[in-house]
Amino acid sequence: MAGAPDPDEVDGPAWTVVQDVIGPLEGGVDADALYATGARFGGPAPTGSGVRARLLVPAGRTASFGAYFNAFPAAVWRSATAATAVRLDLLLSGPAAVAVVRSDAGGAVAHREEHAVGDDGRLVVTTPLGGAAGGFVWFEVAAVEDVEVLEGSWAVDAEPLRGGRAVLGMPTMDRAPFVAANLRRLASAPELLRRVRRVVVVDQGGSPVAEDPAVATAAAELGDVVRLLRQANLGGSGGYSRILQESVAERGADVAVFLDDDIQIEPASLLRSIEFGRLTTAPTVVGGQMLDLGEPGTVQAAAERVVRSTFWWAAADERTSTHDHAATPLPDAPWVHERRDADYNGWWMCQFPLEAVRRTGFVLPLFLKWDDAEYSLRAAGIGVPTVSLPGAAVWHVAFRTKDDSIEWQAFFHARNRIVVAMLHGGRAAAVAGYSLALDVKQLLAKQYPAARLRHAGIRAALEGPMALERRDDLARARALAAAEPALPRLPLEAGAGARPLRPRLTAPSGAGLGAWAARAAAQQLLRGASGPLVRVPRADWWVLARLGRVLAPTADGEALLRFDTDRRALAAGLLESFLLHLRLIVRWNRTSADYRRAAAELASPEAWRRRFTA
């Protein structure tokens, strides 16, 4: 873009533009409520972050831009940067009344200003950010006559402390349509491309994405900035470590941005993430949140934590991490306004400062599962926090449509959780106890193959750090899954002859859980697969545990799984589980020490270069 200013220059003496007011992306998902409520969306127009719908406010209506992508997350900026105020620069097509609103941590209005915009359509308003505990800033436009929001931006009273030249990286495995669509979205966003040094696609699939015509066409639109690499399938940890290798080697790059391959990119989110990272007072891992590709107005993951007592994933606040912004806009959802701290962010979209990468090394060779949590825990150990940035997100295929806890991935879930707990201070009895409880739930739910995969994963963790160098873990996990009698997968019509049942059972919990599980196990061991075949609406473990023969839908709802009680498998599984977890406790301290001694070498750039060339 000839004559354009350097994007690393500050806009003015003290203000830095960090977030634009945007409409929905052309060709994107149907999620208008994430951009504004009460507005109409006009024909497409090019912007710095893509071709977008124009923002129109009809006569006699008030439109609120207190929406996911247009509200300004004041508390997060107050907490992680030196900014104390935010400035709204707005250009309307004509006169209107504009209110600027700031909420507090409880969602109540803490500050409100009313402004009359004249015929020139211009408004500049500065608002204090308020406290770091919570709160957003947004604006509302009341139109007497039809009015269009021609331009809008938020700027903060702070200057960048580091560079923002990015390498965008996406590992992929046989998902060429997603890759092509996302490359096209990047190509439509000139302001983002000014920040991008390189776009790296690491292809680990069976069919080369470079040979896909749609990918080739999209890559040609981006030109030399794209690099399509092909390597053996080293899992997510291998794909993302290759991106880190390319990023560290890329001259002038400041950050690496991880992107999953089953997402729909929102280019404005990437710009916001980069700008936020430039202004944080300390190098920071900046995470994008996850929106549901199937239900585009719903957040699927926001601030994520690792529960240190059990070493299990959890949302910092389930209400925020599952909120439907289309049903309940931000101003009407007080629980969303509180700032939530994160331990890590999933790698559907996550940005890493390369100055921190050079200190922490690359990703542990865990293949998949838990590598994202481990990397942020490791970064936190050297003073690099993780922030889940509201208003920066991608749409991702929802986890609720996947059954990976009962398929071959169960091996990696179990092994890698144990490894990460050993590296980051997990207590043997608590971690093993929680793992044992998961086993018991799966066995009572008749998921015997999954329990055996989990046991194989725990045994692999106990083999020690050098076992992570094996190249056959994927093949082993898949072979184990194939060798076990899998849960029968049936078409939906197969449930027509089964008795429908809407169980009133509630999930057992608390002090009585152990006794409840013991009674359910005794009942299964005595009765086996007796009783009628019934069909239930969901595969809740506590429901499956009380029935002998059950049909339940898969996670994606496209088929039925059949669960039959097998007394021999239940008894053998329970015995193996108790003995295996006892062994885990006994060997915990010694094996943990082995992992801690080996971790730096396992995650080193040199080790990954050897794996890439093996």
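Residues numbered from 1 in each chain as written. Predicted model: local features only at pLDDT ≥ 70, side-chain atom pairs only at ≥ 80, totals over all residues. Heavy atoms only, no water.

### Overview of the overall build of the protein chain
Along the backbone of the protein chain there are 17 helices and 26 strands. The C-alpha atoms of the protein chain give 26 Å as radius of gyration, which agrees with the globular expectation for 614 residues (25 Å, within 12%). The proportion of buried residues among the 614 residues of the protein chain is 57%. Taking the intrachain contacts of the protein chain between residues at least 6 apart in sequence as the baseline, contacts between residues at least 24 apart amount to 80%. Only carbon and sulfur atoms are counted for the fraction: they give 53% of the accessible area of the protein chain, which is about 24,200 Å². Counting 68 positive and 69 negative side-chain charges, the protein chain places the averaged centre of each group 10 Å from the other. (Helix = DSSP H or I, 4+ residues; strand = E, 2+ residues; numbered from the N terminus. Rg over C-alpha atoms; globule rule 2.2 N^0.38 Å. Buried < 20%, exposed > 50% of the residue type's maximum accessible area, 1.4 Å probe, protein only. Contact = heavy atoms within 4.5 Å. Areas by Shrake-Rupley, 256 points an atom, 1.4 Å probe, with all protein chains shown as cover. Lys, Arg positive; Asp, Glu negative; His and termini not counted. Charge placed at Lys NZ, Arg CZ, Asp CG, Glu CD.)

### A few points about the sheet that holds strand E4 (residues 62–64)
Pairing within the open sheet is antiparallel, and its 4 strands lie in the order E4-E9-E6-E7. Of all the strands in the sheet, the pair left with one neighbour each is E4 and strand E7 (109–117). Adjacent strand axes in the sheet meet at a mean angle of 20°, parallel and antiparallel pairs treated alike. Across 8 bridges, the pairing between strand E6 (residues 96–103) and E7 is antiparallel. Looking across to E7, one finds that Val 100 is bridged to Glu 113. (Pairing = 2+ DSSP bridges. Axes fitted to C-alpha atoms, helices over the stretch in contact; angles between N-to-C directions.)

### A few points about the packing of helix H10 (residues 410–423) against helix H16 (residues 567–602)
When two helices pack together, their arrangement is captured by the angle between the axes and the distance separating the axes. At their nearest, the axes of H10 and H16 sit 8 Å apart, and the two run at 75° to each other. In terms of axis orientation, H10 runs roughly perpendicular to H16. Of the residues in H16, those touching H10 at Ile 418, Val 419, Ala 421, Met 422 and Leu 423 are Leu 584, Trp 588, Thr 591, Ser 592, Tyr 595, Arg 596 and Ala 599. By residue class, the composition of the contact of H10 with H16 is 9 nonpolar, 2 polar and 1 charged. (Parallel < 35°, antiparallel > 145°, perpendicular 65-115°, else oblique. Nonpolar A, V, L, I, M, F, W, Y, C, P; charged D, E, K, R; others polar.)

### Things to note about the packing of aromatic side chains
What the rule picks out here adds up to 24 aromatic pairs. Taking the centre distance of 5.2 Å and the plane angle of 25° together, the rings of Phe 367 and Phe 412 count as stacked. Taken as a pair, Phe 367 in the loop between helix H8 (354–360) and helix H9 (371–380) and Phe 412 in helix H10 lie far apart in primary sequence, 45 residues in all. There is no split in this pair, since Phe 367 and Phe 412 are both buried. Cation over ring: Arg 478 sits above Trp 408, and NZ or CZ is 4.8 Å from the ring centre. Here the guanidinium or amino end of Arg 611 rests over the ring plane of Trp 608, the centre of that ring lying 4.5 Å away. (Phe/Tyr/Trp six-rings, centres within 6.5 Å; stacked < 30°, edge-to-face > 60°. Lys NZ or Arg CZ within 6 Å of the ring centre and 35° of its normal.)

### Focus on the packing of helix H5 (residues 235–249) against helix H17 (residues 605–613)
Contact pair H5 / H17: the axes reach a minimum separation of 11 Å and the direction vectors enclose 115°. Judged by the twist between their axes, the crossing of H5 over H17 is left-handed. The residues of H17 that touch H5, namely those facing Ser 237, Gly 238, Ser 241, Arg 242 and Gln 245, are Trp 608, Arg 609 and Phe 612. For the contact of H5 with H17, a count of residues per class yields 2 nonpolar, 4 polar and 2 charged. (Left-handed = near helix turned anticlockwise from the far one by under 90°.)

### Considerations on unusual backbone geometry
Even without being a glycine, Asp 174 presents a positive backbone phi close to 60°. Along the chain, Asp 174 turns up in the loop between strand E11 (166–172) and helix H2 (176–187). We classify Asp 174 as partly exposed; its relative accessible area is 44%. The backbone of Lys 369 shows a phi angle near 75°, a positive value even though the residue is not glycine. In this structure, Lys 369 sits in the loop between H8 and H9.

### Considering the nonpolar core
Residues Phe 72 and Phe 139 are the most contacted members of the largest nonpolar core, which totals 73 residues. With residues near it in sequence (within four places) discarded, Phe 72 still touches Val 18, Gln 19, Trp 77, Val 86, Leu 129, Gly 135, Phe 136, Val 137, Trp 154 and Val 156. Judged by nonpolar contacts, the second largest core, of 30 residues, contains Leu 366, Ala 373, Val 420 and Ala 603. (Core = buried A, V, L, I, M, F, W, Y, C linked by side-chain atoms within 4.5 Å.)

### Focus: the sheet that holds strand E22 (residues 489–490)
Taken together, the 5 strands give an open sheet; going across it, the order is E22-E26-E25-E24-E23, and neighbouring strands pair in mixed fashion. The open sheet terminates on both sides in strands that have one partner only, identified here as E22 and strand E23 (499–500). Inspection of the sheet shows strand E25 (residues 549–553) paired to strand E26 (residues 560–564) by 5 bridges, in the antiparallel sense. When the sheet's bridge partners are listed, Ala 552 is paired in E26 with Leu 561.

### Some points on helix H11 (residues 428–444)
In this model H11 runs 24 Å from its N-terminal to its C-terminal C-alpha over 17 residues, within 8% of the 24 Å that 1.5 Å per residue would give. Judged by how many residues are buried, H11 sits mostly within the fold: 12 of 17 residues are covered. Residues Ala 428, Ala 430, Val 431, Ala 432, Ser 435, Leu 436, Leu 438, Asp 439, Val 440, Gln 442, Leu 443 and Leu 444 constitute the buried set of H11. Elements that come into contact with the buried residues of H11 comprise strand E19 (312–315), H10, helix H12 (448–462), helix H14 (513–527), helix H15 (541–544) and H16. Downstream of H11 by one or two residues, Lys 446 has phi in the positive range, about 70°. (Expected span 1.5 Å × (residues − 1).)

### Digging into helix H6 (residues 267–279)
Taking 1.5 Å per residue, 13 residues should reach 18 Å; H6 reaches 19 Å between its end C-alpha atoms and fits that length. Here H6 lies mainly inside the structure; 13 of its 13 residues are buried.

### Section: the confidence of the model for the protein chain
Mean pLDDT over the protein chain stands at 93; residues scoring 70 or higher make up 97%. Counted against residues more than four places away or in other chains, residues 1–12, with its pLDDT under 50, gives 21 contacts. (pLDDT = per-residue confidence, 0-100.)

### Focus on the pattern of salt bridges
Taken as a whole and assessed by the stated rule, the structure comprises 35 salt bridges. A salt bridge links Glu 355 to Arg 162; the shortest N-O distance between them is 3.4 Å. Of this pair, Glu 355 sits in helix H8 while Arg 162 sits in the loop between strand E10 (147–156) and E11; the two residues are 193 residues apart in sequence, bridging distant segments of the chain. A residue is classified by how much of its surface remains accessible, and Glu 355, at 41% relative accessible area, is partly exposed. For Arg 378, the salt bridge identified is with Glu 374, shortest N-O distance 2.7 Å. Placement of both Arg 378 and Glu 374 in helix H9 is noted, with a separation of 4 residues, approximately one turn of the helix. Across the pair, Glu 374 and Arg 378 agree in class, each one buried. (Salt bridge = Lys/Arg side-chain N within 4 Å of Asp/Glu carboxyl O.)

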